[in-house]
Amino acid sequence: MSFLKSFLSYAAEAGTEEIKNFLKDKQDDDYYLNLGYAYSSSGKTIKAIESYKKAIEKDPKSSDAYFSLGLEYYFSENYAKAIENYKTAITIDPEFAFAYDGLASAYYDIGLTDEAIKNYKKAIETRPEFAFAYDRLALIYYELGLRDEAIKNYKMAKKIDPEIVSECDGFE
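This is a predicted model, so every value here is computed, not measured.

**Q** Got a minute to help me understand the overall build of the protein chain in this structure?
**A** A tally of helices and strands in the protein chain yields ten helices and zero strands. Across the protein chain, helices and strands are ordered from the amino to the carboxyl terminus as α-α-α-α-α-α-α-α-α-α. Considering only residue pairs separated by 6 or more positions, the protein chain has 38% of its internal contacts joining residues 24 or more positions apart. Accessible surface, the protein chain: about 10,200 Å² in total, of which carbon and sulfur atoms supply 52%.

**Q** What am I meant to see in the nonpolar core here?
**A** Membership of the largest hydrophobic core comes to 40 residues, with the highest contact counts inside it found for Y86 and Y120. Among the elements of the structure, α3 (31–41), α4 (45–58), α5 (63–75), α6 (79–92), α7 (97–109), α8 (113–126), α9 (131–143) and α10 (147–160) are those that each provide at least two residues to this core. A per-element tally of this core places α7 first, with seven residues. Apart from the residues lying within four places of it in its own chain, the contact partners of Y86 are F67, G70, L71, Y74, A99, G102, L103 and A106.

**Q** Where do I start with the pattern of salt bridges in this structure?
**A** Note that side chains of opposite charge can pair when their charged atoms are close. Applying the stated rule across the entire model yields four salt bridges. One salt bridge connects E115 with K118, and the closest N-O pair in it is separated by 3.3 Å. A residue pair is termed a helical-turn pair when its members lie 3 or 4 positions apart in one helix, as E115 and K118 do in helix α8 at three residues. Using a relative accessible area of 29% as the deciding quantity, one classes E115 as partly exposed. A salt bridge links E149 to K152; the shortest N-O distance between them is 3.5 Å. Taken together, the residues E149 and K152, both in helix α10 and three residues apart, mark about one turn of the helix. With relative accessibility at 30%, the residue E149 sits in the partly exposed group.

**Q** What am I meant to see in the packing of aromatic side chains here?
**A** Applying the stated criterion across every chain, the model contains seven aromatic pairs. With a centroid separation of 5.4 Å and an interplanar angle of 75°, the aromatic rings of Y74 and F75 are classed as edge-to-face. On the basis of relative accessible area, Y74 is assigned to the buried category, the value being 16%. Within the aromatic cluster, the residues linked to one another by ring pairs are F67, Y86 and F96. The ring centre of F130 lies 5.5 Å from the NZ or CZ of R127, which sits over that ring.

**Q** Got a minute to help me understand α4 in this structure?
**A** Side chains that are three or four residues apart share a direction in an α-helix, a result of its 3.6 residues per turn. For α4, with 14 residues, the first-to-last C-alpha span of 20 Å sits near the 20 Å given by 1.5 Å per residue. Taken residue by residue, α4 has A48, I49, S51, Y52, A55 and I56 as its buried positions. Across the axial projection of α4, the buried residues extend over an arc of 165°, all falling on one side. Exposed residues lying more than 90 degrees from the buried face of α4 are I46 and E57. Buried-residue contacts for α4 involve α3 and α5.

**Q** Please clarify how the packing of α3 against α4 should be interpreted in this entry.
**A** Each pair of packed helices gets described by two things: the angle between the helix axes and the distance between those axes. Across the interface, α3 lies against α4 with an axial gap of 8 Å and an inter-helix angle of 165°. Compared by their axis directions, α3 and α4 come out roughly antiparallel. Relative to α4, the crossing made by α3 is left-handed. Here α3 contributes Y32, L33, L35, G36, Y37, Y39 and S40 to the contact with α4, which in turn contributes K47, A48, S51, Y52, K54, A55 and K58.

Conventions adopted
- Residues numbered from 1 in each chain as written.
- Predicted model: local features only at pLDDT ≥ 70, side-chain atom pairs only at ≥ 80, totals over all residues.
- Heavy atoms only, no water.
- Helix = DSSP H or I, 4+ residues; strand = E, 2+ residues; numbered from the N terminus.
- Contact = heavy atoms within 4.5 Å.
- Areas by Shrake-Rupley, 256 points an atom, 1.4 Å probe, with all protein chains shown as cover.
- Core = buried A, V, L, I, M, F, W, Y, C linked by side-chain atoms within 4.5 Å.
- Buried < 20%, exposed > 50% of the residue type's maximum accessible area, 1.4 Å probe, protein only.
- Salt bridge = Lys/Arg side-chain N within 4 Å of Asp/Glu carboxyl O.
- Phe/Tyr/Trp six-rings, centres within 6.5 Å; stacked < 30°, edge-to-face > 60°.
- Lys NZ or Arg CZ within 6 Å of the ring centre and 35° of its normal.
- Expected span 1.5 Å × (residues − 1).
- Arc of directions from axis to C-beta.
- Axes fitted to C-alpha atoms, helices over the stretch in contact; angles between N-to-C directions.
- Parallel < 35°, antiparallel > 145°, perpendicular 65-115°, else oblique.
- Left-handed = near helix turned anticlockwise from the far one by under 90°.

Structure follows, in structure tokens:
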């Protein structure tokens, strides 16, 4: 019997609360993760956080859910929780370049430049075509007065993605 037929058959016999429970049991594994994305993209941070936490309850090994939760905390400027969730995502998936990038951004924003550099480099190591990570490294090196390193990373970012919009544009 198809999902729709079984649902309609069940709905004919059950009340509203039972229908909600039936649907909840039939949701695919990414339901809460996708719901979190929807809330996040519409600016509903608290709802997004709640959804990502439910996704983690449902699948404690979801590096995507931890990463997305980290992003929400990052954009809410709760850097400690962002860092915690990015680290968990990396523990689950040590090749998760975007989690290293998020971790680097959080470290940079709280003034831990060496940790930021280390994690941007790890993001590049796991995903060599990651133009944004090269660009962020260029910016940090430029701020540190390491002009040659800044130019090298900036050129690499532009080589990978000639359309990248960079805060480093023009400092060559």
